[in-house]
Amino acid sequence: MSNKLLAAAYKYINSGICVIATNSEKRSIVFWKEYQTRFTTMEDAEEMFERPAAAGLAIMCGFISRNLECIDIDTKYDLTGHLWADYSQAIKDNDEALFDKLKIIQTVSGGYHIYYRCPVIEGNQKLARRAASADELAANPGDKIRVLIETRGEGGYACAPPTAGYKKYAGDAVPEITPDERDMLFELARTFNQL
């Protein structure tokens, strides 16, 4: 797997995206905060992805990856079963051309990551949440909130293909969007907030 991960890392690096290696639990196997301000070199990638613990790849969001930001739609907490269908349709209804240019990745848990670059980005934000259900509270009484949609921005990272379970859903290159388009994506996401 490490050869495949390393080859992918080279492609991300060549497209201006900083990458780190993760273990099988999606945790960085390096001191990842360093890579918020220092771009991964080819030598860094070789060292990371040749480690026995390297099982996945994550992209660093924020300024280091030329203002890359990611919207994370976490369908495992969606009680309706159609959060992604509703959110993606809302984007299409408001701006189908924007939806068509977005890079979208399907995640290992059946969720979705929307990647874009924008002149304006911020740190990680929770855009839509809900209260934990009675069953969830019984299993974990201290965890009262479930996040449905959040961002990975400055200071954040997101697992990406070819990590096991992550695959391209739509789009090729990460598009540049305007601040107004980003605001629209955020406002539509907030309509799913239940708190």
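These lines cover the structure that appears in this document, whether it is placed above or below.

Conventions we followed
- Residues numbered from 1 in each chain as written.
- Predicted model: local features only at pLDDT ≥ 70, side-chain atom pairs only at ≥ 80, totals over all residues.
- Heavy atoms only, no water.
- Phe/Tyr/Trp six-rings, centres within 6.5 Å; stacked < 30°, edge-to-face > 60°.
- Helix = DSSP H or I, 4+ residues; strand = E, 2+ residues; numbered from the N terminus.
- Buried < 20%, exposed > 50% of the residue type's maximum accessible area, 1.4 Å probe, protein only.
- Pairing = 2+ DSSP bridges.
- Axes fitted to C-alpha atoms, helices over the stretch in contact; angles between N-to-C directions.

The subject of this paragraph is the packing of aromatic side chains. The final tally for this structure, using the stated rule, is 5 aromatic pairs. Note on Trp32 and Tyr157: the rings are 5.0 Å apart at their centroids and 75° apart in plane angle, and the pair reads as edge-to-face. One end of the pair, Trp32, is in the loop between strand S1 (19-22) and helix H2 (42-49); the other, Tyr157, is in strand S8 (residues 157-160), and 125 residues separate them in sequence. Given the relative accessible area of 22%, Trp32 is considered partly exposed. Overall, the relative accessible area of 17% leaves Tyr157 in the buried class.

We now examine the sheet that holds strand S9 (residues 167-170). Ordered by their spatial adjacency, 6 strands build an open sheet running S6-S7-S3-S5-S4-S9, and the pairing between neighbours is antiparallel. Of all the strands in the sheet, just strand S6 (126-131) and S9 have a single pairing partner and so form its edges. The mean inter-strand angle of the sheet, taken between neighbouring strand axes irrespective of direction, is 25°. Pairing analysis gives 4 bridges linking strand S4 (residues 103-106) to strand S5 (residues 112-117), with the strands arranged antiparallel. Bridge pairing in S5 links Ile105 to His113.

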